[in-house]
Amino acid sequence: MNLFEQQSTEFQGRHIGPNEADTQAMLPTIGVASLDELISKTVPASIRIKNELNVPAAVSEFEYLAELKKVAAKNKVYKNFIGQGYYGTITPSVILRNIFENPGWYTQYTPYQAEISQGRLESLLNFQTMVTDLTGLPIANASLLDEATSAAEAMAMIFHHINKTDVISKPKLFVDNHVFPQTKDVLLTRAEPIGVQLVYGDYKTAELDETYFGAIVQYPNDNGSVEDHRAFINKVHAVDGLVIMATDLLALTLLTSPGELGADVAVGSAQRFGVPMGFGGPHAAFFATKDDFKRGMPGRLIGVSIDAQGNRALRMALQTREQHIKREKATSNICTAQALLANMAAMYAVYHGPQGLKNIATRIHVLAQAVAESLAKLGITQSNGAYFDTLKIKDVDAAALKTMAEKYHSNFRYFEDGTVGITIDETTSVEDANTIIRIFEALTEKNAGHQLEAGKLEPTATTIPGALKRTSAFLTHPVFNTHHSESQMMRYLKQLENKDLSLNTSMISLGSCTMKLNAASEMIPVSWPEFGGIHPFVPANQTEGYQHIIDELNRFLCEITGFTACSLQPNSGAQGEYAGLLTIRDYHAARKEERRNVVLIPISAHGTNPASAVMVGFKVVIVKCDEAGNIDVADLKAKAEQYKDTLGALMVTYPSTHGVFEETIKDICRIIHDNGGLVYMDGANMNAQVGLTNPGMIGADVCHLNLHKTFSIPHGGGGPGMGPICVNDKLAPYLPGHVSLAGKGAVSAAPYGSASILLISYGYIKMLGATGIRQATEFAIMNANYMKARLEKYYKILYTGSNGTCAHEFIVDLRPFKQSVGIEAEDVAKRLIDYGFHAPTMSFPVPGTIMIEPTESEDKPELDRFCDALISIYEEIKAIENGKSDKTDNPLKNAPHTQAVVCADDWKHAYTRQEAAFPLYYVTLNKFWPSVARVNNTHGDRNLICTCEPTSSYAEN
C-alpha cells in the first residue's frame, strides 16, 4: 500500500484501538496465533459470509468531509414558514459549542450510575422543571422521542389507566380534526393493536358517551388557532374520560397553561428551544401529567434523593415502572429518550430565563400580527381569530403562491383544501416578514403601502383573548434566573460536565450497549446549516442532499444485513423493535392469518422485546435457556409445534445476550418457519456480526439496527438513537409509511426519524469502508476475548462458545462473593468509580453479574487498566474473605469515595485514604472524583421530588 492509498484508510487506525503491536501482544494471552484463528473459533463456519461486503472502499476524513460538503450543497436552505411542529430556532453558541459539539456531553451513557452522572441529571431535572412550569402540571418525564410518539404514549397511558382489566369497557379516544397530521398518523398506528378506537371530529360539536376513555386536542391547533378548551375538557371529564393536550412550550409563555385549563396530560416537542430542525430530528419531546399517573408515566423520571453522607443527590426515580422490570406487563417499550436534546432545550431556558423566553415569544406574536395586518391591506384574509405564531390564509391561488414564494426562497404550508399556513418563528426577522409581504404583493399585483420597521413594532394589542392570556409565573427557580451572561453559562455547563464520566474520561464497557468511539469527523456535519436548517416537510427538490445520503445508507444497511429493503424511520431501538414486529403482524394479516399472534421470546431477552410484542398485540410465550446459556432448542421446538396454528414470530438476539454465537441459530430459524412463524432478530449485538455474517443469511426475516451502538451515533446521556429496520422481500411491502409521503403506518413524527444523525452512521461506513467495518467487528471480538482471558483467572466467566471463546461481550459472575462476604454486583460497580471507570452492565441478563463489552475502539493500555482495576477489586474482596478487611467497613461497601470524604479532617475507616481514592498508580495520573457518595435510591422513591427544589436543599451536610 503506497502513501496515498494509506491515507484513504487512515480512519481505520483512528477508530480501531489496538495497533499491530497491541494485537501481537494480545493474541498469545487469548491463546491464538492470529486474529483469523480467533474469528474462526468464535463465529460458526455455517453462518460465515465468504465475500467482502459490497460497500465502497474507505476514504480519508478530509476526503469525506470535502465530498459531504458537495452533497450538502444539494440541499436548499430556504426560509421556512411551514410550522406544523417544526420551527426555525437560534441555538445559542455557548450551548452549541459546550453541549451539542462537546464529547463530554454527547458521549455519556444513560445515568444508571448516578454518582458519576450528577451533571446531566441536574440538567434533566431542569428540563422537567421547565416543562412542569410551562404546562402547569406537577410532574414531567426527562423527555420522549418526538411529539407524535409522546401523544401515542399518552394515549396508551390513559387507556390502560381507565381500562384496568382485560375487559375494555371504554375503548374510544376522541381525536380533534385539528391535531397535527403526523401525530394522527402515529396515533392510528399505535391504537389498533392495543384495542383503541379513534373517533375523529370537531371538539366543539363532539358528542361523547361512556365508551370514551379520553380525548386529544392541539393548543394552538394545526391551523394555528388558539382556542379555549375548558368546556370541552369538562365534557370529557363528565364521562370519566381524560384529556391529552398537545401544545407548544414557547406559546405557553403567553398562553394559559394546559394544567390551568384542566388537561390531564400535556405533550409536545421542545425543538424550538434551541434545537435545529435537522430534517425531522432528533428533538426532545416532553410529557407532563398529574401526580395520579406518576407510576404509569412512560420514560425516564429524574428525582431528588440523598447520598450516603446525607447530601442532596439525583437519580432516576421509580425505575420499577420501566419495561426492563415489567417486561410483558409493561404498557410502554420506551428504553431511551432524547437526553442530549433535552439538555439543550433546558439550557436554552436557563440561558434566556423566563423574561427572555417571553420576549422571544412576544416578538414572534407581534411579527405575526404585523404580517396579518399588512396582508389585510392587500385584501388577503386569514381565518384564525386568535393565534400565537401562525396565520391561516384563505381565498388565494395556492399553486401560484407556491411558485412565487419559491422564487423568494421561502416555504409556506399548503393545505389540501387550498388554504395556506404562514408560521413565524424565532429566526424570522423584520426583513423576512417584509419578504412575506412582497411575495403577496407580487401575487396580487397590489402594494401594501408600507414596509415593516422594527422601531414601529410594539407589543400593544394582541389577538389572544383575555381568558387565554397567561397570568401565572413560570421558571421562578434561581437556576433559570442566574446564568444569563455567557461567562456564567459557560462555567455552569463546565461545572455540570465535570461531574459526569464520559468517553473522554475512560472506556465505558457496558455490555449490550456498544459504547464505541463517536469520531469528530462523523459528528461535525450534524452542525452544518445545510443539514440542520431543513424542515422535514419541505418539497423533495429542496432535499436532494439528504435523499442522496438516505438512499446510500439504505443500500449500505441492506448489504450489511443481507436484506432487500430498509426503513430509517424508527428513532430508537425500541421503536425499531415495534416497527419490525408490525411488519410481521401486517404480513400475517394480509395473508388472512390474523390468528398468528403468539411470539416466542427467550428468557434471556432484553425487557424491550416482550414490551414491544405486547404493544403490537402479540401474546408472549417464554422459551427456556439451557445451562450453557443457549436457547433450549427442544423447548423452542415443543412450543413452536404447540402454537403452530397461532405462531406469529420468534424474537431472538444474535449473538445471544449471553455473548455467544449459538451454533443452532439456523436450526432455530428453520423451526419457526416450519411452524408458520417469522423470525425477528434484535440488532443489539450487531457489532459482532458486521462483515462476518448477517441476519438474512442466518435465516431472519427482519432485524432492527441500533445506529447508536454498532454505527457510532453517540448515546448522548440517554438519547438520541436510531433504530432502522431491514427486511426481506416478503416484509418489504409492510415497512412504515408516513402521511407526508402519501403513506400511512408511521411509527415516528418525521418520515426519516431523526434524520440529521443518520449522517454519523453514514460517515462511519464511508470512512471505514468495507474492510474497516469488518475489522471493527473482528477487533471488538478480540478485545472482549483478551479481557476475558485476563479476568478468568480471578472471576468465573459465564457462558462461552464451544471453543471457549466469547463474542464481543462476556459475563462475569459476582454471585459467589455475595455468598462468601456479602459483596454484591452494586458494590463492585461503585468501587470501579474509585478506579476511574463506569461500571459494566449490571445484573443483565443474569442477576448478580456484570456484562463487559469493550468495543473495538479501546486500545490495549486502556483494556489493561480496566482489567487491573477488576483484579485489584478481586484482591480487596479476598482481603475481606481472609479477615484482613472488615465485612462492613471496607473500600467496596463505602464506595464511591468523594473528594470531600477523602480530604475531611475526620477519617475513621480501617483502610487508608490512599486505598480509598488512589488504589492503583494509574489513578493518580488522571483522577476522576464522583461528586456524590453512594445514592440512596429507596429514600428518593419514598420522598418523590422531580423538579428543582429550593436553593437551601443544595447545602451540604
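As the structure is a computational prediction, the values presented were derived from the model and not from experiment.

## Observations concerning empty space enclosed by the protein
Thought 1: Inspection of every chain in the model, using the stated rule, returns six cavities of 30 Å³ or more.
Thought 2: Estimates place the volume of the largest cavity at around 220 Å³.
Thought 3: Those elements that place two or more of their residues in the lining of the largest cavity are strand S5 (212-219), strand S6 (242-248) and strand S15 (420-423).
Thought 4: Within the lining of the largest cavity, the residues separate by chemical class into seven nonpolar, 13 polar and six charged.

## Considerations on the packing of helix H28 (residues 825-834) against helix H29 (residues 860-881)
Thought 1: H29 packs onto H28 with a crossing angle of 125° between their chain directions and a minimal axis gap of 10 Å. Of the possible angle classes, the one that applies to H28 and H29 is oblique. Considering the relative orientation of H28 and H29, their crossing is right-handed. In this structure, H28 uses Val828, Arg831 and Leu832 to contact H29, whose residues at the interface are Phe866, Ala869, Leu870, Ile873, Glu876 and Ile877.
Thought 2: Class assignment of the residues belonging to the contact of H28 with H29 gives a composition of seven nonpolar, no polar and two charged.

## A few points about the nonpolar core
Thought 1: Grouped together as the largest cluster of nonpolar side chains are 237 residues, with contacts concentrated most on Met130 and Phe440.
Thought 2: Looking at which element gives the most residues to this core, the answer is helix H14 (residues 339-377), with 22 residues.
Thought 3: When neighbours within four sequence positions are excluded, Phe440 is seen to be in contact with Leu375, Leu378, Ile380, Ile393, Val396, Leu401, Phe412 and Ile422.
Thought 4: Ranked by size, the runner-up nonpolar core spans 43 residues in total, among them Leu144, Leu145, Leu242 and Met277.

## Remarks on the packing of H14 against helix H16 (residues 430-444)
Thought 1: Between H14 and H16, the shortest axis-to-axis distance is 10 Å and the interhelical angle comes to 25°. On the basis of their axis angle, the class for H14 and H16 is roughly parallel. Seen from above, H14 lies across H16 with right-handed handedness. Counted together, Leu367, Val371, Ser374 and Leu375 of H14 and Val430, Ala433, Ile436, Ile437 and Phe440 of H16 form the full contact between these two elements.
Thought 2: Here the contact of H14 with H16 is composed, by residue class, of eight nonpolar, one polar and no charged.

## Some words on the sheet that holds strand S9 (residues 302-307)
Within a sheet, neighbouring strands are paired by backbone hydrogen bonds and run either parallel or antiparallel to one another.
Thought 1: Read from one edge to the other, the open sheet built from three strands follows the order S10-S9-S27, with strand pairing classed as antiparallel. With one partner strand each, in any of the chains shown, strand S10 (312-316) and strand S27 (935-936) form the two edges of the open sheet.
Thought 2: The pairing of S9 with S10 spans five bridges and is classified as antiparallel. Opposite Val304, over in S10, you have Leu314 as the bridge partner.
Thought 3: In the packing of helix H8 (residues 118-135) onto the sheet, contacts are made with S9 and S10, and the angle to S10 comes to roughly 75°.

## Considerations on the UniProt feature "modified residue: N6-(pyridoxal phosphate)lysine" (unreviewed entry) in the chain
Thought 1: The sites that UniProt annotates as "modified residue: N6-(pyridoxal phosphate)lysine" (unreviewed entry) are Lys709.
Thought 2: The residue Lys709 is located in the loop between strand S21 (702-705) and strand S22 (725-727) in this model.
Thought 3: The buried category is assigned to Lys709, whose relative accessible area is 12%.
Thought 4: Residues in contact with Lys709, not counting those within four places in the same chain, are Ser512, Cys513, Thr514, Lys516, Ala684 and His715.
Thought 5: A polar atom in the side chain of Lys709 sits 2.6 Å from the backbone oxygen of Ser512.

## Regarding the pattern of salt bridges
Thought 1: Enumeration over the complete set of coordinates arrives at 45 salt bridges.
Thought 2: For Glu115, the salt bridge goes to Lys830, with nearest N and O atoms at 2.8 Å. Linking Glu115 in the loop between helix H7 (103-106) and H8 with Lys830 in helix H28, this pair joins segments that are 715 residues apart in sequence. By the burial criterion, Glu115 is buried, and Lys830 matches it.
Thought 3: Note that Glu431 is salt-bridged to Arg438, the shortest N-O span being 2.4 Å.
Thought 4: Each member of the salt-bridge network shares a partner with another, and the members are Arg591, Glu593, Arg595 and Arg596.

## Looking at the sheet that holds strand S14 (residues 413-414)
Thought 1: A sheet is described by the order of its strands in space; here four strands give the open sequence S11-S12-S15-S14, paired in antiparallel fashion. Of all strands in the sheet, those with a lone pairing partner are strand S11 (381-382) and S14, marking the two edges.
Thought 2: Note: S11 against strand S12 (residues 390-394), two bridges, orientation antiparallel. Across the sheet, Thr381 pairs through a bridge with Lys394, a residue of S12.

## Regarding the pairing of strand S19 (residues 647-653)
Thought 1: Counting buried residues in S19 gives seven out of seven residues, a clear majority hidden from the surface.
Thought 2: As judged from the three bridges shared by strand S17 (residues 598-602) and S19, these two strands associate in the parallel manner. Within S19, the residue paired with Val599 across the bridge is Ala649.
Thought 3: Pairing analysis gives five bridges linking S19 to strand S20 (residues 678-683), with the strands arranged parallel.

## Focus: the environment of Leu173
Thought 1: Tracing the backbone shows Leu173 in strand S3 (residues 172-176).
Thought 2: Leu173 has contacts with Met155, Ile158, Val196, Gln197, Leu198, Val199, Tyr212, Phe213, Gly214, Ala215 and Ile216, leaving out every residue within four places of it along the chain.

## Describing the state of the cysteines
Thought 1: For the coordinates displayed, the defined rule picks out zero disulfides.
Thought 2: Residue Cys625 stays outside any disulfide, its sulfur separated by 15 Å from that of Cys669, the closest cysteine.
Thought 3: Overall, the relative accessible area of 21% leaves Cys625 in the partly exposed class.
Thought 4: No disulfide involves Cys703; its sulfur sits 5.2 Å from that of Cys726, the nearest cysteine.
Thought 5: Overall, Cys703 belongs to the buried group, its relative accessible area being 0%.

## Observations regarding the environment of Pro276
Thought 1: With respect to the helices and strands, Pro276 occurs in the loop between strand S7 (265-269) and strand S8 (285-289).
Thought 2: The exposure class assigned to Pro276 is partly exposed, which follows from its relative accessible area of 25%.
Thought 3: Remark: the alpha-carbon pair of Pro276 and Lys76, spanning 200 residues in sequence, is separated by 15 Å.
Thought 4: Aside from chain neighbours lying at most four places away, what touches Pro276 is Thr89, Thr91, Gln271, His283, Met344 and Gly532.

## Structural notes on the packing of aromatic side chains
Thought 1: A full pass over the atoms with the stated rule returns 25 aromatic pairs.
Thought 2: Ring geometry for Phe81 versus Phe412: centroids 5.8 Å apart, planes at 40°, classification tilted. Of this pair, Phe81 sits in the loop between strand S1 (79-80) and helix H6 (93-100) while Phe412 sits in the loop between strand S13 (410-411) and S14; the two residues are 331 residues apart in sequence, bridging distant segments of the chain. The same class applies to Phe81 as to Phe412, namely buried.
Thought 3: Taking 6.2 Å as the distance between ring centres and 15° as the angle between the ring planes, the aromatic pair formed by Trp528 and Phe531 counts as stacked. Summarising the burial analysis for this pair, Trp528 and Phe531 share the class buried.
Thought 4: Aromatic rings pair up to connect Phe279, Trp528, Phe531, Tyr546 and Tyr752 into one cluster.
Thought 5: One residue, Arg272, lies across the ring of Tyr87, its end atom 3.8 Å from the ring centre.
Thought 6: Sitting over the ring of Phe918, Lys927 keeps its end group 5.7 Å from the ring centre.

## Digging into the side chain of Arg300
Thought 1: Here Arg300 shows up in the loop between S8 and S9.
Thought 2: Polar contacts involving the side chain of Arg300 include one to the side chain of Tyr112, which spans 3.1 Å.

## With respect to the environment of Lys619
Thought 1: Looking at the element boundaries, Lys619 is found in strand S18 (residues 619-623).
Thought 2: Given a relative accessible area of 54%, Lys619 falls into the exposed group.
Thought 3: Taking the C-alpha atoms as reference, Lys619 lies 33 Å from Val812; in sequence the two are 193 residues apart.

Cut-off values and rules
- Residues numbered from 1 in each chain as written.
- Predicted model: local features only at pLDDT ≥ 70, side-chain atom pairs only at ≥ 80, totals over all residues.
- Heavy atoms only, no water.
- 1 Å grid on protein atoms, 1.4 Å probe; cavity = no way out; pocket = protein on both sides within 12 Å on 5 of 7 lines; lining within 4 Å.
- Points joined across faces, edges and corners; volume = space filled by probe spheres on them.
- Helix = DSSP H or I, 4+ residues; strand = E, 2+ residues; numbered from the N terminus.
- Nonpolar A, V, L, I, M, F, W, Y, C, P; charged D, E, K, R; others polar.
- Axes fitted to C-alpha atoms, helices over the stretch in contact; angles between N-to-C directions.
- Parallel < 35°, antiparallel > 145°, perpendicular 65-115°, else oblique.
- Left-handed = near helix turned anticlockwise from the far one by under 90°.
- Contact = heavy atoms within 4.5 Å.
- Core = buried A, V, L, I, M, F, W, Y, C linked by side-chain atoms within 4.5 Å.
- Buried < 20%, exposed > 50% of the residue type's maximum accessible area, 1.4 Å probe, protein only.
- Pairing = 2+ DSSP bridges.
- UniProt positions renumbered as here; feature names shortened; annotations may be inferred.
- Polar contact = N/O pair within 3.5 Å; in protein donor to acceptor, adjacent residues only side chain to side chain.
- Salt bridge = Lys/Arg side-chain N within 4 Å of Asp/Glu carboxyl O.
- Disulfide = S-S within 2.5 Å.
- Phe/Tyr/Trp six-rings, centres within 6.5 Å; stacked < 30°, edge-to-face > 60°.
- Lys NZ or Arg CZ within 6 Å of the ring centre and 35° of its normal.

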